[in-house]
Amino acid sequence: MASAAPRVRYLAGFCCPPGGLAASKSRVLCHGAEVFLSTGREFVYVYDQEGGLLTAAFRFPDQVWHLELLAPRRLLYALCARRGLYCLSLDRPGRSRSTSQDDRDSEDSDQTCPVIPVDPDACVLPDAALCAFTVLDSVLVTLVQGPARWKMQLFERPSPGEDPRPEGQMGEVELSTYTPPAGVPGKPAAPQFLPVLCCVSPSGSRVPHDLGGSGGFSLEDALFGLLFGADATLLQSPVVLCGLPDGQLCCVILKALVTSSSAPGDPNGLVKILHHLEEPVIFIGALKTEPQAAEAAENLLPDEDVHSDCLVALGHLGRMLAIKARWEESGKLVPELREYRLPGPVLCAACGGGGLVYHSTPSDLYVVDLSRGSTLLSAEQPDEGPGGLPSVLRPASLNICSVVSLSVSPRMQGGGTELLALSAKGRLLTCTLDLESEMPGSARMTAESAGRKIKELLSGIGNISERVSFLKKAVDQRNKALTSLNEAMNVSCALLSSGAGPRPISCTTSTAWSRLQTQDVLMATCVLENRSDFSLDQGWTLCIQVLTSSRALDLDSACSAITYTIPVDRLGPGTRREVTLPLGPGEDGGLDLPVTVSCTLFYSLREVVGGALAPSDSEDPFLDECSSDVLPEQEGVCLPLSRYTVDMLQCLRFPGLAPPHTRAPSLLGPPSDPVATFLEACRESGSQPSGPTSLRAEYLPPSVASIKVSAELLRAALEDGHSGVPLCCATLQWLLAENAAVDVVRARALSSVQGVAPDGADVHLIVREVAMTDICPAGPIQAVEIQVESSSLADMCRAHHAVIGRMQTMVTEQAAQGSSAPDLRVQYLRQIHANHETLLREVQTLRDRLCTEDEASSCATAQRLLQVYRQLRHPSLVLL
């Protein structure tokens, strides 16, 4: 076929605009020796092939978009843009038109012919929104462009010999929505692609095909029933196929549409969508693909009816749909649907004999064979077997370019094909093809090879279906991942741009003692609150890290951290999530303070993106191959939310402040051995206390540390929330602001309080006013002394550390406000500083000596070391 040289003959030429003729609005019809054509302008021409001349030119009031010929009635229907539908009787020209010499002189063809203006009375259906139509012997079907939807209307055609105007509307149904083209107000713009309408009849229909218009055909009952259902088959009703510019291919049963006008029901039930080409539908047709049936169809007379066994539809960009009925191995009749990709863009198309489909592009005219697959092109490729559609189409070039309208002439016999073509330059051509003589000979396929080929095709269909399901799942996962990534980006930007202001997503932490079984446990409650407009879904995790300090008396121990990960599942805007976790004491009964609780939001890129790029259950090697290079290198994104420190002042409990009926039965830290508990219960009430804590409290003096703060500095820092409260009481309330007992301390106006540490040791906080006389030459400075006492040196150090931490924060805030210190005795301060330096050097010396001395000598060294520490914990300086 590649070497086929079609014989092309020039018939006539017509004037065309500078850009050429529009493909969607040019039309060529052939009936016997007469050719009816329109070029998208206001003229419709009649050409006589036997005489080789134009016989008439009809002038319409506007552009002609579509033509259909009702051959038995000798009626020509023309769709005039923004005017409506016109009907011309070819047998009685004098009743609907008249001829003028001026019009003849202004004709734009290269041959002289009478120009006949069309009488306005020839408009049988005036409608400016009419875009497509098709004609049967008894009905007229139109498609109207509504404000937002296509509307199909059905009219009753008059009987022969009567006025050709439709007698009345018989039915109406709305099709799919569309976006109307922009135009001038009051004059809607012409659509770029017109809808395609054609009428399909079953082979057993009482209305033969020759009583239909030029836009109709018949289908075999098997394919007709599979496509349009049992209702259309039982009613023997014609069906209107509609191809829309958005790619939809839908159908409407005519008799059902007529019935709906008398008994209205759901209009959507009348419209059935067969397929979606996803590109404008250019052509709908039918043909014979069975070799025997195709050969018989070619030998039919021109007026005989042909029942096609394959429905085809072409899109503008080259996508072709073919539907055929076939038998499965189980004996069930099913529709076989295949999509092909042909060269595009497609300007026009036509179906010929022998299962051939012709289609034109701006660069060439192609032909494909649906009955023989690729054997027209190469003898090496085997036939697809009877009853099946080819898996691949290889278009053969006819070396004719820019054909905008095409029609297969029924005049030629003997195995050849004659095409009538209208080129973009306005030339009417005939192309004569002798396909059979140039078809390479190929042996008939045996039954064994046909069965093997069918099995291969079924296996290929199964593999493609499985791959399609894998790809669909992968696309869904990637769309979900993209949505999640977009949400993550929005959340990250919202958190990072909040600055020092309130955060749209926050996490607050609070602590409280709780009784679990026989032990008191310090619990931390973290509340994650989403005040943003975004949701936290897949991939988000709340990470809570609990970092404990090294033990105060174990200098070689390292800090330990525990991280809790809590998946955040569907935390929408305005919702919150609460997490409670234990801080201690541990199994040894100790609680290493201070404890830092850090809350962070973590977004897992590996979970979201990695899962989308490499689905865990995917067996597709292509997905596995492409995912290895594009997986993210980072595990995820961390967004810090809050950092909260729990110190000794927050963990102290004050059993002496609680009412008698609410006091806990025991505030001891670690649970004791059951035997020791029993022996303790059996002790006499007057016996002496035992245990390390009790012995230390009885025989050793308490460890004491103090810090002095200027009264003026404290008043400036506490004036907002403690006005009218004594300074000592206000200072104690400020120190215990994050402790559960602060309300009782505030209510009783206490300036000293005795509490219990987590390990059961007593901690005494004393706040009193003192006067510093040696620092300022102007006189004594009023100060507040905060003293911490405890029988446990470690607990005293932890409480002292907590007090110093609060003081440092306060001094930093006040210094930022520009507070100035009074005149001081610099020499006195230097002396105190020198004394402290001496004590620190002595501490280093004593600690080095403890590492080398024996047990007897180290006792005195340790005693001296404790004395030096006590002096350092009582500085003679004051915070100003």
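Rules and cut-offs
Per chain, residue numbering runs from 1 following the sequence as it is written. Only residues with pLDDT of at least 70 get local features here, since the model is predicted, and only at 80 or more are side-chain atom pairs given and counted; chain-wide, interface and lining totals rely on the full set of residues. Each side-chain value is derived from all of the structure's non-hydrogen atoms; neither hydrogens nor water enter the calculation. Numbering of helices and strands starts at the N terminus; helices are DSSP runs of H or I of at least 4 residues and strands are runs of E of at least 2. It only takes one pair of heavy atoms within 4.5 Å for two residues to be counted as in contact. For every accessible area listed, the method is Shrake-Rupley and the probe measures 1.4 Å; residues are considered covered only by the protein chains on display. Buried residues are those whose accessible area, probed at 1.4 Å on protein chains only, stays under 20% of the maximum for their type, while exposed residues exceed 50% and partly exposed ones sit between those limits. In this description, one arc is meant: the one made by directions from the helix axis to the C-beta atoms. A 3.5 Å cut-off defines polar contacts: any pair of N or O atoms within that distance qualifies, except that in protein one atom must be a possible hydrogen donor and the other a possible acceptor, and neighbouring residues in sequence count only when both atoms are side-chain atoms. Positive charges come from Lys and Arg, negative ones from Asp and Glu, while His and the chain ends are left out of the count. Just to be clear on terms, a salt bridge is a Lys or Arg side-chain nitrogen sitting within 4 Å of an Asp or Glu carboxyl oxygen. When DSSP finds two or more bridges between a pair of strands, those strands are recorded as paired. Each Phe, Tyr or Trp ring, with Trp reduced to its six-membered ring, pairs with another whose centre is within 6.5 Å; inter-plane angles below 30 degrees give stacked pairs, above 60 give edge-to-face pairs, and intermediate values give tilted ones. Every axis in this analysis is a line fitted to C-alpha atoms, fitted for helices over the stretch in contact. Angles between the N-to-C directions lie between 0 and 180 degrees. Among the buried residues, those of types Ala, Val, Leu, Ile, Met, Phe, Trp, Tyr and Cys that are joined through side-chain atoms within 4.5 Å form a nonpolar core. For the domains described, the bounds stem from an automatic or database domain assignment. For classification purposes, an angle smaller than 35 degrees is called roughly parallel, one larger than 145 roughly antiparallel, one from 65 to 115 roughly perpendicular, and anything else oblique. Crossings are sorted by hand: turned counterclockwise from the far helix by less than a right angle, the near helix makes the crossing left-handed, and turned clockwise it makes it right-handed. Values of pLDDT, ranging from 0 to 100, describe the predictor's confidence in every residue of the model.

### Quick look at the overall build of the protein chain
Phase 1: Along the backbone of the protein chain there are 17 helices and 42 strands.
Phase 2: Counted over contacts in the protein chain with a minimum sequence separation of 6, partners at least 24 positions apart contribute 62%.
Phase 3: Counting every atom, the protein chain has about 43400 Å² of accessible surface; 53% of that belongs to carbon and sulfur.

### Some words on unusual backbone geometry
Phase 1: The residue after Gly344, namely Pro345, is reached through a cis peptide bond having omega -5 degrees.
Phase 2: Mapped onto the elements of the fold, Pro345 is located in the loop between β24 (333-341) and β25 (348-351).
Phase 3: The residue after Leu593, namely Pro594, is reached through a cis peptide bond having omega 0 degrees.
Phase 4: Its place among the elements puts Pro594 in the loop between β36 (576-584) and β37 (595-604).
Phase 5: Of note, the phi angle at Asn399 is positive, near 60 degrees, even though the residue is not glycine.
Phase 6: Mapping Asn399 onto the fold places it in the loop between β28 (396-397) and β29 (403-409).
Phase 7: A relative accessible area of 58% means that Asn399 is categorised as exposed.
Phase 8: One non-glycine residue, Ser402, lies in the positive phi region at around 60 degrees.

### Details of helix α12 (residues 711-718)
Phase 1: Burial in α12 covers these residues: Ala711, Leu713, Leu714 and Leu718. Along α12, the residues classed as buried sweep out an arc of 160 degrees about the axis, all on the same side.
Phase 2: Looking at the buried positions of α12, the neighbouring elements they touch are β39 (703-710), α13 (727-735), β42 (781-790) and α15 (793-816).
Phase 3: One side-chain oxygen at the N-terminal end of α12 lies 3.3 Å from the backbone nitrogen of Glu712; it belongs to Ser710.

### Side note on the side chain of Asp309
Phase 1: Counting through the fold element by element, Asp309 comes out in the loop between β21 (307-308) and β22 (310-315).
Phase 2: This buried residue, Asp309, is left without a salt bridge; Lys324 holds the nearest opposite charge, at 4.5 Å.
Phase 3: Here Asp309 is in contact with Glu220, Leu223, Leu287, Lys288, Thr289, Glu290, Ile323, Lys324 and Ala325, once residues within four sequence places are set aside.

### Brief notes about the sheet that holds strand β17 (residues 239-243)
Phase 1: Spatial strand order, β19-β18-β17-β15-β16-β21: six strands in an open sheet with mixed pairing. Both edges of this open sheet fall to β19 (271-276) and β21, since each of them pairs with a single strand only.
Phase 2: Note that strand β16 (residues 216-219) and β21 share two bridges and pair parallel. If you follow Leu219 over to β21, its bridge partner there is Ser308.

### Examining the environment of Cys599
Phase 1: Topologically, Cys599 is positioned in strand β37.
Phase 2: With 93 residues separating them along the chain, Cys599 and Ser506 place their C-alpha atoms 9.3 Å apart.
Phase 3: Each residue touching Cys599, except ones within four places of it in the same chain, is listed here: Cys507, Thr509, Cys526, Leu542, Cys543, Ile544, Pro640, Leu641 and Ser642.

### So, the packing of aromatic side chains
Phase 1: Applying the stated criterion to the full structure yields six aromatic pairs.
Phase 2: For the ring pair Phe60 and Tyr86, a centre distance of 5.5 Å and an interplane angle of 85 degrees mean the geometry is edge-to-face. Taken together, the residues Phe60 in the loop between β5 (53-59) and β6 (64-70) and Tyr86 in strand β8 (residues 84-89) connect sequence positions 26 residues apart.
Phase 3: For the pair Tyr77 and Phe133, a centre-to-centre distance of 6.4 Å together with 50 degrees between the ring planes defines the contact as tilted. You can see Tyr77 sitting in strand β7 (residues 75-80) and its partner Phe133 sitting in strand β11 (residues 130-135), a full 56 residues away along the chain.
Phase 4: Overall, the relative accessible area of 1% leaves Tyr77 in the buried class.
Phase 5: With a relative accessible area of 1%, Phe133 lands in the buried category.
Phase 6: Through a chain of ring-to-ring contacts, three or more aromatic side chains come together here, namely Phe14, Phe43 and Tyr45.

### Looking at the pattern of salt bridges
Phase 1: In the structure shown here, the tally under the stated rule is 21 salt bridges.
Phase 2: Salt-bridge contacts for Arg806 lead to Asp647; the nearest nitrogen and oxygen are separated by 2.5 Å. In this pair, Arg806 is assigned in helix α15 and Asp647 in the loop between β38 (636-646) and α9 (648-651), connecting sequence segments 159 residues apart. Note on accessibility: Arg806 and Asp647 belong to one class, buried.
Phase 3: Salt bridges here are not isolated pairs; linked through shared partners, they connect Glu278, Arg319 and Glu339.

### Considerations on the sheet that holds β7
Adjacent strands of a sheet form backbone hydrogen bonds with each other and so pair up, either parallel or antiparallel.
Phase 1: Pairing is antiparallel across the open sheet formed by four strands, whose spatial order is β6-β7-β8-β10. Both edges of this open sheet fall to β6 and β10 (123-126), since each of them pairs with a single strand only. For this sheet, the mean inter-axis angle between neighbouring strands, taken without regard to orientation, is 20 degrees.
Phase 2: Alignment of β8 against β10, held across three bridges, turns out to be antiparallel. Directly across from Tyr86, in β10, lies its bridge partner Cys123.

### Brief notes about the nonpolar core
Phase 1: Leu528, Trp540, Leu583 and Leu601 are the most contacted members of the largest nonpolar core, which has 70 residues in total.
Phase 2: Both domains that furnish three or more residues to this core are identified here as domain 2 (505-612 + 635-646) and domain 3 (647-656 + 700-824).
Phase 3: Leave out the neighbours within four places in its chain, and Trp540 touches Ala488, Val491, Pro567, Val568, Leu601, Phe602, Tyr603 and Leu639.

### Some words on the packing of α12 against α13
Phase 1: The geometry of α12 relative to α13 is characterised by a closest axis approach of 11 Å and an angle of 60 degrees between their N-to-C directions. Classified by the interaxial angle, the pair formed by α12 and α13 is oblique. Note on packing geometry: the crossing formed by α12 with α13 is left-handed. Residues Ala711, Leu714, Arg715 and Leu718 of α12 form the contact with α13, whose own contacting residues are Leu727, Ala730, Thr731 and Trp734.

### Observations concerning the confidence of the model for the protein chain
Note that predicted coordinates carrying low pLDDT should not be read in detail.
Phase 1: Across the protein chain, the average pLDDT comes to 79, with 76% of residues at 70 or higher.
Phase 2: Predicted confidence in the protein chain is weakest over helix α1 (residues 93-96), with a mean pLDDT of 44, and strongest over β22, with 95.
Phase 3: Confidence over residues 437-444 falls short of pLDDT 50; this stretch has nine contacts with residues more than four positions distant or in other chains.
Phase 4: Ignoring residues within four places in sequence, the model shows residues 683-691, a span with pLDDT below 50, making six contacts including any to other chains.

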